[in-house]
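# Results of the structural survey
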Amino acid sequence: MYVATKGGERAIENAHAWLAEERRGDPDVAELGLEQIQQQLSLAVTRVMAEGSLYDPDLAALAIKQARGDLIEAIFLIRAYRTTLPRFGLTNPVETADMACDRRISATFKDAPGGQVLGPTFDYTHRLLDFKLAADGDVPDAPRADPRMEPTPHITTFLQREDIIQPEPGSDETPGDLTREPMAFPADRDIRLQSLARGDEGFLLGMAYSTQRGYARTHAFVGELRIGKVPVEMEIPELGFAIEIGEIDLTECETINQFNGSKTQPPQFTRGYGLVFGQSERKAIAVALVDRALRWRELGEDNLGAPAQDEEFVLSHCDNIQATGFLEHIKLPHYVDFQAELELVRKLRRETMGDPQEAAE
Amino acid sequence: MSAYNFAYLDEQTKRMIRRAILKGLAIPGYQVPFASREMPMPYGWGTGGVQVSAATLTPEDTLKVIDQGADDTTNAVSLRKFFERTAGVPTTEETTKATVIQTRHRIPEVELGEDQILVYQVPIPEPLRFLEPRETETRKMHSLEEYGLMHVKLYEDISQHGAIATSYAYPVKVAGRYVMDPSPIPKFDNPKMEMAAIQLFGAGREQRIYAVPPYTQVVSLDFDDYPFEPTKADHPCDLCGAEDSYLDEVIMDDAGTRMFVCSDADYCRSRRDTGHTVTAIGGTV
Amino acid sequence: MNTATRSVFDGGFQDPPKDAARAFRAAMRAMARPGDLNTLTGATPPAPLSQAAAILLLTLCDPDTGVYLAGPCDCEAVRGWLRFHTGAPFVGPAQADFAVGAWDDLLPIDRFRIGTPEYPDRSTTLIVEMPLLDAQGAVLRGPGIKDRATLSLPDVRAMQDNSVLYPLGLDFFLTCADRVAALPRSTQITEV
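Remember, it's a predicted structure, so these values are computed and weren't measured experimentally.

On to the interface of chain A and chain B. Contact residues are listed per partner, giving 45 residues for chain A and 62 residues for chain B. Each partner contributes to the roughly 4,600 Å² buried at the junction of chain A and chain B, and carbon and sulfur atoms together form 57% of this total. The interface formed by chain A and chain B holds five salt bridges in total. Our count for the chain A to chain B interface comes out at 22 residue pairs in polar contact (both at pLDDT 80 or more). Sorting elements by how many residues they give to the side of chain A that touches chain B places helix α13 (residues 335–353) of chain A first, with twelve residues. Split by residue class, the side of chain A that touches chain B holds 19 nonpolar, ten polar and 16 charged.

Right, here's the structure in full:
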């Protein structure tokens, strides 16, 4: 008898029911609340917001719960939701110089106005499993100090005054948006930075690492890394002025890179830039390194053929939702194409071997 | 799902897709870039086709969705359900009753009519992509009508294998100008592309839409001494006896007994419903 | 509708998602089958816009598309109506994605974008308001046409010149009252 190996509606429904059961796990164990995810898995929430490109911690927590902790799946849920949202308008550019910094470090100056603020970092923790946490998560209060009220100037502004670093002139042009316009190459830097900010942390980490190991090396100093809250303002046409509509957490990294120059142009440091939602410093640093590598043409450097210099390669492959969809689609039935290949290989074998009987096996 | 708009997409997105479809029809075979949206199914699973269908469907349409020629393959079931929920349009498994057919990897066996629209899901829209990975380069080649690389590839096949070693996604030239990827349909289906229906192609991840208007010349690339050959398994269907349909090969038992059945499930069923049967099923070993 | 009391808010689609879907189907059929006459109904635009031209604009235009209004079409009634119903910015011919007007008002047509060799789609679509539109006149051949079609064209020579630019060129919708036909750049035209 011919048994169709085809799935049907019932198979799909049953699979979904099983999935829901697996997601919940043992019902005797307390169910995970969204507040718990938001509060205690906040860096996962941050990553889902950054790569989902939607700043909404509640929805990100829901997505993480629904995706059973698979962050790429959670990012996908957020992206699919985001695309259905109407656009009410555009905010003013955020001013990161006004950031209320929880963390602010520079690897280039021992001290500078605003100081070195370590903030809530893993950096100097010894990576020893804390078995106490398994039983009891109570923590003593961290010591407190008065927050700095005045703005913290960017480190690069001090170099700028000396004209020793390549300038980044401001612009009133509305930046492009790759979620509204199809990507075209070569892409401008605004689109590149948007693409990288949405890009997969792991992919960008690998790309950035490759530049450090010598594939288009542009030795990078972390000029500054800052994490904190910035106000978001929007012009309301009816009011005629901008009002603050909320605050968001951002991580910003500016690298100071090896200088270039020529006989006519005195040497100057160059820069890379990364800006990411939430506390995502690995990602922000990686974006800054990759941004810097992609700027080779603009900065008059040679194309060394390094992967991180290749804009089309980097931007076409950094989106994990595109990548995972296409990678996983090979699970779908391909029997029509495979059948076509099967017939072709049989035919070619028959012609090569001249033995129709054997070829029919 | 009532929180979502008719056919899921918001109107601005539909307009953007509709503009791309019109330009695609005006320049047959040319890939129009469009700002593909994230859909609630993964890239690579039909997001391009779904967006094109969503921008094309009217409340009066009857939709058919097939994958590998069949209506009951899991992804076809899933996509059909999506449109039932978001557009509320009636669906059918009968090719002749459908006004919009979304397909992955097949063209139905029954000749399509003027009132039908065939929407293809396309994974890699660029026929030159496997020869040249860079979009900047392939775009230039299309603009210059520089398709030598493709002919070199086909010719290298001949010198290595004695035949063109492309059995699906076999490249075509449309209206004498653009070389186009017909999506991964078996080359058996290529000759059907000169049809009365409108053919629309959607590649979501790659952000491209292209089209072939009715009665447009579609030529499979070949050489005078190695002409294009649409091929299929050299068997009749073991269920309905059809000699002219594309076949799936099914492994029946541990001994490897094979059976061949129509890939187009509706075609096979309608033939059996009208009395075409095979009395003794003889598998081949 | 009483013209004295009508405002820019009147005369748009009743049920935009569904009306636009139906209108697009007619527009797509027209573009896929050059010369084929289709009907567009369901909106009542201000004069001098025809119903068909207005529905094309409602269906295809929004804040992302520049619209050029030619001749008497460029009036406050039409501007206000389109601004409210589409949000499309009004632009000059060189920036237009869509241009609408009578043939003589659209001239010279070399003011419009014909696309670039790498992006031939970046070209203007002209919506030509016709005093008469029927399936008689120049002979059309090419993609979308079984054997041949005939259509009344505003200027055969200009349209032949346009098709020579293929794959670059302009695409035309021809409108008259509630009827629309299309003439894409891919169509070859011969005078009878």
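Picking up where we left off.
The next subject is the domain arrangement of chain B. Residue and element names in this part refer to chain B. For chain B, the assigned domains are domain 1 (11–220) and domain 2 (232–285). One C-alpha centre belongs to domain 1, the other to domain 2; they are set 27 Å apart. At the interface, 14 residues of domain 1 touch ten residues of domain 2. Carbon and sulfur atoms supply 51% of the area that domain 1 and domain 2 bury against each other, a total of about 920 Å² over both sides. If you sort the residues of domain 1 by the area they bury against domain 2, Arg106, Glu109 and Phe188 come out on top, with a joint share of 45%. Applying the counting rule to domain 1 against domain 2 returns one salt bridge. The interface formed by domain 1 and domain 2 contains six residue pairs in polar contact (both at pLDDT 80 or more).

What follows covers the nonpolar core. Grouped together as the largest cluster of nonpolar side chains are 88 residues, with contacts concentrated most on Ile21, Leu25 and Leu200 of chain B together with Met28, Leu49, Leu57 and Phe173 of chain C. Counting residues in each nonpolar core, the second largest holds 28 residues, with Ala138, Leu151, Val156 and Ala181 of chain C among its members.

Attention shifts here to the environment of Asp115 of chain B. Structurally, the position occupied by Asp115 of chain B is in the loop between β3 (100–104) and β4 (117–121). In this structure, the C-alpha to C-alpha distance between Asp115 of chain B and Phe34 of chain B, residues 81 residues apart in sequence, is 26 Å. Residues in contact with Asp115 of chain B, not counting those within four places in the same chain, are Thr99 of chain B together with Arg29 of chain C. Among the polar contacts made by the side chain of Asp115 of chain B, one reaches the side chain of Arg29 of chain C at a distance of 3.2 Å.

In this section: the pattern of salt bridges. Following the criterion strictly, the structure yields 63 salt bridges over all chains and no others. Residue Glu13 of chain A is joined to Lys81 of chain B by a salt bridge in which the shortest nitrogen-to-oxygen separation is 3.0 Å. Of this pair, Glu13 of chain A sits in helix α1 (residues 9–24) while Lys81 of chain B sits in helix α3 (residues 74–86), each in a different chain. For Glu13 of chain A, a relative accessible area of 38% corresponds to the partly exposed category. Two residues, Asp249 of chain A and Lys229 of chain A, come together in a salt bridge whose shortest N-O distance is 3.1 Å. Linking Asp249 of chain A in strand β3 (residues 241–260) with Lys229 of chain A in strand β2 (residues 220–236), this pair joins segments that are 20 residues apart in sequence. Given a relative accessible area of 35%, Lys229 of chain A falls into the partly exposed group.

How each quantity is defined
Residues numbered from 1 in each chain as written. Chains lettered and ligands numbered in written order. Predicted model: local features only at pLDDT ≥ 70, side-chain atom pairs only at ≥ 80, totals over all residues. Heavy atoms only, no water. Contact = heavy atoms within 4.5 Å. Buried area = accessible area lost by both parts, 1.4 Å probe. Salt bridge = Lys/Arg side-chain N within 4 Å of Asp/Glu carboxyl O. Polar contact = N/O pair within 3.5 Å; in protein donor to acceptor, adjacent residues only side chain to side chain. Helix = DSSP H or I, 4+ residues; strand = E, 2+ residues; numbered from the N terminus. Nonpolar A, V, L, I, M, F, W, Y, C, P; charged D, E, K, R; others polar. Domains from an automatic or database assignment. Core = buried A, V, L, I, M, F, W, Y, C linked by side-chain atoms within 4.5 Å. Buried < 20%, exposed > 50% of the residue type's maximum accessible area, 1.4 Å probe, protein only.

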